[in-house]
Amino acid sequence: MPDPTGLELIAQDLGKAQADCVLGTHHAHGQATIEVAPATIRATLARLRDQGYRFLSSVHGVDYYPHEPRLGVHYVMLDMEALDRLTIKLRVSVDDPRVESVTADWPTANHQEREVYDMFGVVFDGHPDMRRILMPEDYEGHPQRRDFPVGGEPVLFTRDGASGRDYTLGLDNASTVIDASS
Amino acid sequence: MEIVRREKLVPGHPPDDFRIRQLQARDMLRGDMDEEALERYVEERVVTTTVDRAVAWARGNSLFPMTFGLACCAIEMMSVVGARLDIARFGFEAFRASPRQADLLILSGRVSIKMAPVVRRIYDQMLEPKWAIAMGACCSSQGVFNNYAIVPADKFMPVDVHVPGCPPRPEALMHGVLKLRDMIQADPKAGWRERYEAAGTEEIVPGA
Amino acid sequence: MSDVDYRTLEESIELSHVPTAPTVGESGQELLTLNMGPHHPATHGVLRLLVTLEGEVVRDLKPIVGYVHTGIEKTAEDKSYWKVIPVIERMDYLSYYFNAMAYCGAVETLLDCEVPKRAQYLRVIHLELNRIMSHLVWMGTGCLDLGAISMFWYCFREREQILDLFEMSSGQRMHTRYIQVGGVFEDIPRGFDQKLREFLAIMPRRVDQYLDLLNRNEIVLRRLRHTCPLDEEALLALGVTGPLLRAVGNPWDLRKAMPYSSYDDFEFAIPIGTEGDNYDRFAVRAAEMKESCKIIEQALDGLPEGPFITTDRKVALPPRHELATSMEALIHHFKLVTEGFRVPPGEAYYPIEAPRGELGCFVRSDGSSKPARVHMRDPSFVNIQALEPMVKDSYIADLIATLAMLDPILGGIDR
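Please read all numbers here as calculations on a predicted model, not as lab measurements.

A. Region of the structure containing the overall build of chain B. Broken down by element type, chain B carries 8 helices and 4 strands. For chain B, the succession of helices and strands along the chain, N to C, is α-α-α-β-α-β-α-β-α-β-α-α. In terms of principal-axis extent, the alpha carbons of chain B reach across some 80 × 40 × 25 Å. In chain B, which comprises 208 residues, the proportion classed as buried is 36%.

B. Seen up close, the interface of chain A and chain C. With 27 residues of chain A at the interface, the matching set in chain C holds 33 residues. Contributing elements (two or more residues each) for the side of chain A that touches chain C: β3 (55–63), β4 (71–79) and α3 (109–120) of chain A. Examining the composition of the side of chain A that touches chain C, we find that 7 residues originate from one element, β3 of chain A, more than from any other. In terms of residue class, the side of chain A that touches chain C is made up of 14 nonpolar, 11 polar and 2 charged.

C. Representation of the interface of chain C and chain B in the model. At the junction of the two partners, chain C supplies 31 residues and chain B supplies 34 residues. Elements represented by at least two residues in the side of chain C that touches chain B include exactly α2 (72–76), α3 (81–89) and α6 (150–170) of chain C. Ranked by residue count, the leading element in the side of chain C that touches chain B is α6 of chain C, at 4 residues. Here the side of chain C that touches chain B is composed, by residue class, of 16 nonpolar, 10 polar and 5 charged.

D. Region of interest: the pairing of strand β7 (residues 357–365) of chain C. Residues and elements named next belong to chain C. In terms of burial, β7 is a largely internal element, 9 of the 9 residues being buried. As paired elements, strand β6 (residues 346–354) and β7 share 9 bridges and run antiparallel to each other. Along β7, the bridge assignment pairs Ala-354 with Gly-357. The hairpin turn running from β6 into β7, its antiparallel successor, is 2 residues long. Two elements, β7 and strand β8 (residues 371–377), share 6 bridges in a ladder whose sense is antiparallel. Looking across to β8, one finds that Gly-360 is bridged to Arg-377. Counting the residues in the hairpin turn of β7 and β8 gives 5 residues, including Gly-367, whose phi is positive at 95 degrees.

E. The confidence of the model for chain B, seen in detail. Overall, the prediction assigns chain B a mean pLDDT of 84, with 92% of residues at 70 or greater. Here the predicted complex carries an ipTM of 0.87, next to a pTM of 0.87.

F. Seen up close, the environment of Glu-233 of chain C. Summarising the element assignment, Glu-233 of chain C is placed in helix α9 (residues 232–237). Expressed as a C-alpha distance, the spacing of Glu-233 of chain C and Arg-216 of chain C, which sit 17 residues apart in the sequence, is 31 Å.

G. Spatial organisation of unusual backbone geometry. Cis rather than trans, the peptide bond between Glu-68 of chain A and Pro-69 of chain A has omega equal to -15 degrees. Tracing the backbone through its elements, the reader meets Pro-69 of chain A in the loop between β3 and β4. Backbone torsion omega between Cys-166 of chain B and Pro-167 of chain B reads -10 degrees, so that peptide bond is classified as cis. Here Pro-167 of chain B shows up in the loop between β4 (161–163) and α7 (170–186). A positive phi angle, close to 60 degrees, is found at Asp-20 of chain A, a residue other than glycine.

Scoring rules and cut-offs
Residues numbered from 1 in each chain as written. Chains lettered and ligands numbered in written order. Predicted model: local features only at pLDDT ≥ 70, side-chain atom pairs only at ≥ 80, totals over all residues. Helix = DSSP H or I, 4+ residues; strand = E, 2+ residues; numbered from the N terminus. Buried ≥ 20, exposed ≤ 12 C-beta atoms within 10 Å, placed from the backbone. Contact = placed C-beta atoms within 7 Å. Nonpolar A, V, L, I, M, F, W, Y, C, P; charged D, E, K, R; others polar. Pairing = 2+ DSSP bridges. pLDDT = per-residue confidence, 0-100.

Next up, the structure:
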């Protein structure tokens, strides 16, 4: 991982190349993160590629509810020569969750951006195939947002003491359970 | 080495059952048995039963499971086919991939909402008589994952045997399959068919 | 119920508004779109492939995933950190120790918790055993796809031995929740050492026996050699790691490059291939099994004494005998079992080398006792994108062989 000084140098380079690009840096537990403005992501990743970070490891989304802007997208870059790992993160709000897609430069982001769209609703402009990938195509809602309920169904039992029904003889012949111990 | 045959019964030593049967068979084959003994011999060896029970016996002993592995339980299902816990000793090694040729659907793994219509379609494509085993906790009752993405199998298809476990040991799956076999041989209508007086299932196409 | 006439239903579907894909391929034959799966004997799980064929040649391929999406990441947000481990293990269901390791590593990073040396070595032993087991299942099912059905039984015979070892150390064959935050769940029992050494004595020879069966088999060689190669540039652009990348000649392995959990204490080689075709992918994994045996042997020989889990009582349960004598131990136990430990706010990404590639776990904590976000960067999810460039313009039989050598695990892809 780049150490704090290395991280600051990278952030400075990015800031010099494009103003208002870097919104902040964070270094904790040996891991380096740079927060960038959403509009500059493609250029930022291209500049990092020139600096040696030629492998895009992971693109994943985070919901920072209740802190605004809520939806974050993390890009984990890896430099295989210098053995450094750097996370670039950007945050967009739920009202306008549009980010430029980096799939054209980094083909690995194809499925991963689709997953972020499916789970969080971040739309990636310029993605060749912006569809849901994990949920059914016609599903409504973005499941991994923090305000989406976990869901689940009550477990079906033949003799259901809690609801007082006994379905042993069929759905039509449901009888009532006299008491829980019978 | 000399082989000593016990041709004569030695007094004080009762003959063993196998030897008696052997001598009887020899007599019968040579035509040396008299009428009564022959009648008794035949009666002891002929089983009379109804056609239903004979067919049920045959069906139970020759289930063709379908290769329907969904998730982790599929690996344990593969272990059942493996050499240590050999499902072939019971006659169930012919796993067919085509639903038209299989009669046992072992639902092994978690059924997601995207997969549920597919599972139902495949179950409907199987020909009667057919049975379903829900292997593992996830397909029986959502298991560890009670959330938006998983459907318990009982919601969309009838299941005959539920095998608990996460994943169930191959021995547990074996126990479940043998329980199903006993059920088929004893009373094929037991379970949901009797409960709902159903002959089978029908596929309902939405919007039709 | 009314008679459903599928024919009229199908004929009534109007497709004139859908932009048509090219109907004629390069050599003038008609293009046929074939749907493989999600229920198919050769798709290693519920993978659906939309294959556009021109005769027997694959012109286009679209994988459709999501048929075993379990919402694991969402479920994990609902449970305390300790209870997430069984849930997260069921993701990539053949490499369950790796899932738990990546997650526990991320949480330990956030906690700044130190894992004792003995626990690290025990983790390495079990991780490498899991790697061998995963490669055995791959080899068994892969050869099953190629038609070499006997391999299935041989590989599962070894797998049963490994599962016996897992059962010995943790009580479960699969999804053992042996790796916990701060170390491992329990120390290895008496007899484990001996049984493991017996296994290690036979395993390398068994791999040689398998290779004897397959390496000179004309059919296996013809199906695997020079089929569906993909160059290193394309693989790196697609984010592919693991044996697929090593088959091309790039020796990238996180165990050597960015070692974690005492991997730098052990001496082992990284098998790499030259051409990147299916045969190299096969050979790399087979050689990795032998290297894993070496690592386990070294770890077993050098297993240090010490605690098997961190002694920080705020993170790990105190040993049971202390509960009878120490009030603090009782309180810690109660707090840990009911609420769980709290992790200071932060984000961490912890990558490890799983049998299929780089498995990374991203954990974001907001200070409470439940994680705010858990994401697993699964190697199969990224590797499956490489299937299309690999099989383009190859025969459909090569598609089956490549899918077998790619080793996708749908549980990891769909999570």
